Amino acid sequence: LDKLTGGFRKTADRLGDNITGLTSKAALDTSTLDDIEEALIASDIGPEASKRIRDAIAARRFEQLDERGLRTILAEEMEAILAPVAKPLDIWGFPRPHVILVIGVNGSGKTTTIGKLGAWLKEQDYGVMLAAGDTFRAAAIEQLRIWGERIDAPVISGKEGGDAAGIVFDGVKQATATGIDCLIVDTAGRLQNKTHLMDELAKVRRVLGRLNTEAPHDVLLVLDATTGQNALNQIEVFRNLAGVTGLIMTKLDGTARGGVLVAAAEKYKLPIHAIGVGEGVNDLRPFDPRAVARAIAG
Ligand code: GDP
């Protein structure tokens, strides 16, 4: 069993529990369709996507549908929701360096994702540099340094409590001087003080804009799938706060809440670039909508 399918096992099991018995009737009547919609909502797929899937099933007017058949339809309909937002991260093009701001609440998997993303880019022969813009936590700076060593990428950092915009300034300067293709910037994730966080991100953006008018090229929001509905709230907050350009959802290994990916795709339509299926360096996967839809449907 590959790690992706294995990672979604619990999600598929929960969906399976929720749809059990819904297909025993000969035809899918309105009440069965309602039950299917509820089962999808109970599987973290969200009201918008669940309604859309219900309507799509209704439109097909099945005379008969066994559980296997229902899972197949669910996989197809989820793929239809996921496919339009699946976009591989693309750092091609000039001017260099391509700058990626990585945002998200503490604990969502930001630092780990930066390490994995750096490794993925390095495998494609891109030069990568990391910038420790989360200056509020000494542990975050240290953790980024460790990832830098692990993937053999230089890390720009300052001292705890330092100025994030200054780190980013140094990062762009050094990346430019040394011909680095991609600068990945870690940022603070304390939502407790939104005004401060917003000011800080705005300052980082101003500094970047002065150095390189296209930067930041990407603003990636990292979300922890295990938080379910909370992950959706974070999209809502950060979208307004930071101008998110794309999502990476982490910790999809071993959670029963993987359906939240479908909910996010339908509700926000933001590009999903990759998913995290483990803590290891190779556990960031490009987002494959068909594989993920099938894994969720079981
Ligand atoms: P940050 O505070 O947002 O920078 O989060 P970290 O990168 O420190 O991650 C928090 C915890 O989640 C760490 O223990 C990571 O190893 C773990 N983690 C991150 N991504 C994944 C993932 O895709 N799967 C699993 N199982 N754990 C992850």
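My aim in this report is to walk through the structure given alongside it, one point at a time. Bear in mind the structure is a predicted one, so any value in this text is a computation, not a measurement.

## What to know about the site of the ligand
In the neighbourhood of the ligand, 18 residues make up the surrounding shell, with Gly107, Thr111, Thr112, Asp253 and Glu279 lying closest. Ser108 is positioned such that a nitrogen or oxygen atom in its backbone is 3.2 Å from an oxygen atom of the ligand. In this structure, Gly109 approaches the ligand through a main-chain N or O atom, which is 3.0 Å from an oxygen atom. Considered on its own, the ligand offers 580 Å² of accessible surface; in the complex 79% of this is hidden by protein. According to the grid-proximity analysis, the pocket containing the ligand is the largest pocket. The element contributing the most residues to the shell around the ligand is helix α6 (residues 110-123), with 4 residues. Class assignment for the residues of the shell around the ligand results in 2 nonpolar, 10 polar and 6 charged.

## Things to note about empty space enclosed by the protein
Taken as a whole and assessed by the stated rule, the structure comprises 1 cavity of 30 Å³ or more. Size it by volume and the largest cavity reaches roughly 80 Å³. Residue lining of the largest cavity: Pro88, Leu89, Leu117, Trp120, Ile248, His273, Ala274, Leu284, Arg285 and Pro286, and that is the complete set. When residues in the lining of the largest cavity are grouped by element, the largest group, 3 residues, is from strand β8 (residues 284-286). In the lining of the largest cavity, the residues fall into 8 nonpolar, 1 polar and 1 charged.

## Brief notes about the environment of His273
Note on placement: His273 falls in strand β7 (residues 272-276). For the pair His273 and Ile81, spaced 192 residues apart in the sequence, the C-alpha separation amounts to 15 Å. Non-local contacts of His273, meaning those with residues more than four positions away in its chain, are made with Lys87, Pro88, Leu89, Leu220, Thr245, Gly246, Leu247, Ile248, Arg285, Pro286 and Phe287. A polar contact of 2.7 Å, which involves the side chain of His273, links it to the backbone oxygen of Lys87.

## Examining the nonpolar core
Ranked by size, the top nonpolar core spans 78 residues in total, and within it Leu74 and Met78 carry the most contacts. In this structure Met78 touches Leu15, Ile45, Ile53, Val262, Ala293, Ile296 and Ala297, once residues within four positions along its chain are discounted. The next biggest cluster of nonpolar side chains, apart from the first, holds 24 residues, and it includes Leu89, Ile91, Ile184 and Ile248.

Rules behind the numbers
- Residues numbered from 1 in each chain as written.
- Predicted model: local features only at pLDDT ≥ 70, side-chain atom pairs only at ≥ 80, totals over all residues.
- Heavy atoms only, no water.
- Near = heavy atom within 4 Å.
- Polar contact = N/O pair within 3.5 Å; in protein donor to acceptor, adjacent residues only side chain to side chain.
- Areas by Shrake-Rupley, 256 points an atom, 1.4 Å probe, with all protein chains shown as cover.
- 1 Å grid on protein atoms, 1.4 Å probe; cavity = no way out; pocket = protein on both sides within 12 Å on 5 of 7 lines; lining within 4 Å.
- Sits in = over half its atoms within 2 Å of the grid points.
- Helix = DSSP H or I, 4+ residues; strand = E, 2+ residues; numbered from the N terminus.
- Nonpolar A, V, L, I, M, F, W, Y, C, P; charged D, E, K, R; others polar.
- Points joined across faces, edges and corners; volume = space filled by probe spheres on them.
- Contact = heavy atoms within 4.5 Å.
- Core = buried A, V, L, I, M, F, W, Y, C linked by side-chain atoms within 4.5 Å.
- Buried < 20%, exposed > 50% of the residue type's maximum accessible area, 1.4 Å probe, protein only.

Purely geometric stuff here, so don't read any function into it on its own.
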